[in-house]
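The primary structure of each chain is shown beneath.
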Amino acid sequence: MSSSLSRILSVLNLFTPERLVIDADVIANEYGLSRTSSYRYLKELCDAGLIAKRGPGGYVLGPRLIELDWMMRKYDPVLSSGRVYIEQLSQRTGLTVFVSAFYDNKIINTFILSPNNDLNYSFGRGRPLPLFRGAQAKVLISFQGTKKIKDLYEEKIKFDPLNIYSLEEILKQAKQIRKEGFCITNNELNQGQTGIAAPIFIDQDSKESHTSISVVGSYEQFELLRKETIIEILLDTSAKLTQAMGQQNQVDSNSSQINLEEVEHI
């Protein structure tokens, strides 16, 4: 049952910016399935609202994903416990703030806040970033274990056509980023833009990070404030977000324990 569900859900991976509509033939060709099985997969996903019929035989991403996206944005642990700090960071620096997440060997921007509503960036919310280009990605890769970094390099990073680093160079950069606690990049994702990113941890004892906070702006914007001042404000924000995450995790843990005790009592 579990493997069957996994195969059905894997159909969602067939959607890409270049292929926004799929059909039974696409599924059959990609997975070597019969048309009967392909149509069964499509029906299961349609019934769940994950895809929707579009035209004769075509299917697009469904409305349930929009609902799930809304819930993610509303109840994201970083946003729900530390949104005030993110807003203060944007207000104090006048820069665009990104919250980015590392999951399933991908890095995506989960939240963007611009004081000027300028969201014209190459990698907006939800679009996967290159794994070792841009401050967000470099910070999140750097705060993984050495084996994980090596695996990511062999599986993905070295195949990035714009990657200019050897594994040894990436490991050296990662060590320096971990030592400094932040990363600065220029022109790596958007021309004329500087980015500075810092990790957010689930608690203060964590060594690995799966979420980052960053500020991005033009060279002119960065000239208005000393870079050292921006770094200081950013690191202070990441520390506050880490503390907020730890407090939220403690509340969730206590609530789970109380619920478990109530069940046992019943």
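As a reminder, the structure under discussion sits directly above these lines.
Every value quoted in this text rests on a predicted model; they were computed, and no experiment measured them.

## Section: the sheet that holds strand β5 (residues 183-186)
Taking strand neighbours across the sheet as the criterion, the 5 strands line up as β4-β3-β7-β6-β5 in an open arrangement whose pairing is antiparallel. Of all the strands in the sheet, the pair left with one neighbour each is β4 (106-113) and β5. Taken over all neighbouring pairs, the strand axes of this sheet differ in orientation by 25° on average, direction set aside. Pairing between strand β6 (residues 193-200) and strand β7 (residues 211-218): 8 bridges, direction antiparallel.

## Observations regarding the pattern of salt bridges
Overall, the coordinates contain 12 salt bridges when judged by the stated rule. The closest approach of N and O atoms between Glu30 and Arg19, which form a salt bridge, is 3.5 Å. Residue Glu30 is located in helix α2 (residues 24-31), and its partner Arg19 is located in the loop between α1 (2-10) and α2; the two are separated by 11 residues in the primary sequence. Across the pair Lys43 and Asp47 runs a salt bridge, and its minimum N-O distance is 2.8 Å. Here the residue Lys43 and the residue Asp47 both occupy positions in helix α3 (residues 35-47), the gap between them amounting to 4 residues, near one helical turn.

## Re the environment of Val216
Within the secondary structure, Val216 is located in strand β7. Excluding its chain neighbours within four sequence positions, the residues that come into contact with Val216 are Leu95, Thr96, Phe98, Tyr121, Gln193, Thr194, Gly195 and Phe222.

## Examining the packing of aromatic side chains
Remark: the centre distance and the inter-plane angle together describe each pair of aromatic rings, the angle taken between the planes. Summed over the entire model, instances satisfying the criterion amount to 2 aromatic pairs. Geometrically, the ring pair formed by Phe132 and Tyr165 is edge-to-face, given 5.6 Å between the ring centres and 90° between the ring planes. Of this pair, Phe132 sits in the loop between β4 and α6 (135-142) while Tyr165 sits in the loop between α7 (146-155) and α8 (167-180), and the two are 33 residues apart along the sequence. Like Tyr165, Phe132 is buried. Centre to centre, the rings of Phe143 and Phe201 are 5.6 Å apart; their planes meet at 75°, and the pair counts as edge-to-face. Pair noted here: Phe143 is in the loop between α6 and α7 and Phe201 is in the loop between β6 and β7, with a separation of 58 residues, a long-range link. On the basis of relative accessible area, Phe201 is assigned to the buried category, the value being 16%.

## A closer look at empty space enclosed by the protein
If you walk through the whole model with that rule in mind, you get 1 cavity of 30 Å³ or more. By volume, the largest cavity is sized at about 140 Å³. Residue lining of the largest cavity: 17 residues in total, with Gln136, Leu189, Asn190, Gly195 and Val216 positioned closest to the centre. Looking at which element gives the most residues to the lining of the largest cavity, the answer is β6, with 3 residues. Considered class by class, the residues forming the lining of the largest cavity number 6 nonpolar, 10 polar and 1 charged.

## A closer look at the side chain of Ser212
If you trace the backbone, Ser212 turns up in strand β7. Aside from chain neighbours lying at most four places away, what touches Ser212 is Phe98, Val99, Ser100, Gln136, Val139, Leu140, Ala198, Pro199 and Ile200.

## Topic: the pairing of strand β2 (residues 58-61)
Judged from the 4 bridges that link them, strand β1 (residues 51-54) and β2 form a sheet pairing that is antiparallel. Its bridge partner being in β2, Ala52 is matched across the sheet by Val60. Where β1 folds back onto β2 in an antiparallel hairpin, the turn is made up of 3 residues, including Gly55, whose phi is positive at roughly 75°.

## Focus on the packing of α2 against α3
Running from amino to carboxyl end, α2 crosses α3 at an angle of 115°, the nearest separation of the two axes being 8 Å. α2 and α3 meet at a crossing whose hand is right-handed. On α3, the residues that touch Ala24, Asp25, Ile27 and Ala28 of α2 are Arg35, Ser38, Tyr39, Tyr41 and Leu42. Residue classes in the contact of α2 with α3 are distributed as 6 nonpolar, 1 polar and 2 charged.

## Quick look at the nonpolar core
One finds Val78, Ile86, Leu89, Ile196, Ile213, Val215 and Leu234 to be the most contacted residues of the largest nonpolar core, which totals 21 residues. Residue contributions to this core peak at 6 residues, all from helix α10 (residues 227-265). Filtering out sequence-adjacent residues up to four positions away, Leu89 remains in contact with Val97, Ile213, Val215, Ile233, Leu234 and Thr237. In this structure, Phe102, Phe123, Leu129 and Ala137 belong to the second largest nonpolar core, which totals 18 residues.

## Structural notes on unusual backbone geometry
Notably, Asn105 is not glycine yet its phi reads approximately 60°, a positive angle. One non-glycine residue, Asn187, lies in positive phi territory at about 60°. Along the chain, Asn187 turns up in the loop between β5 and β6. The exposure class of Asn187 is partly exposed, given its relative accessible area of 32%.

Analysis parameters
- Residues numbered from 1 in each chain as written.
- Predicted model: local features only at pLDDT ≥ 70, side-chain atom pairs only at ≥ 80, totals over all residues.
- Heavy atoms only, no water.
- Pairing = 2+ DSSP bridges.
- Helix = DSSP H or I, 4+ residues; strand = E, 2+ residues; numbered from the N terminus.
- Axes fitted to C-alpha atoms, helices over the stretch in contact; angles between N-to-C directions.
- Salt bridge = Lys/Arg side-chain N within 4 Å of Asp/Glu carboxyl O.
- Contact = heavy atoms within 4.5 Å.
- Phe/Tyr/Trp six-rings, centres within 6.5 Å; stacked < 30°, edge-to-face > 60°.
- Buried < 20%, exposed > 50% of the residue type's maximum accessible area, 1.4 Å probe, protein only.
- 1 Å grid on protein atoms, 1.4 Å probe; cavity = no way out; pocket = protein on both sides within 12 Å on 5 of 7 lines; lining within 4 Å.
- Points joined across faces, edges and corners; volume = space filled by probe spheres on them.
- Nonpolar A, V, L, I, M, F, W, Y, C, P; charged D, E, K, R; others polar.
- Left-handed = near helix turned anticlockwise from the far one by under 90°.
- Core = buried A, V, L, I, M, F, W, Y, C linked by side-chain atoms within 4.5 Å.

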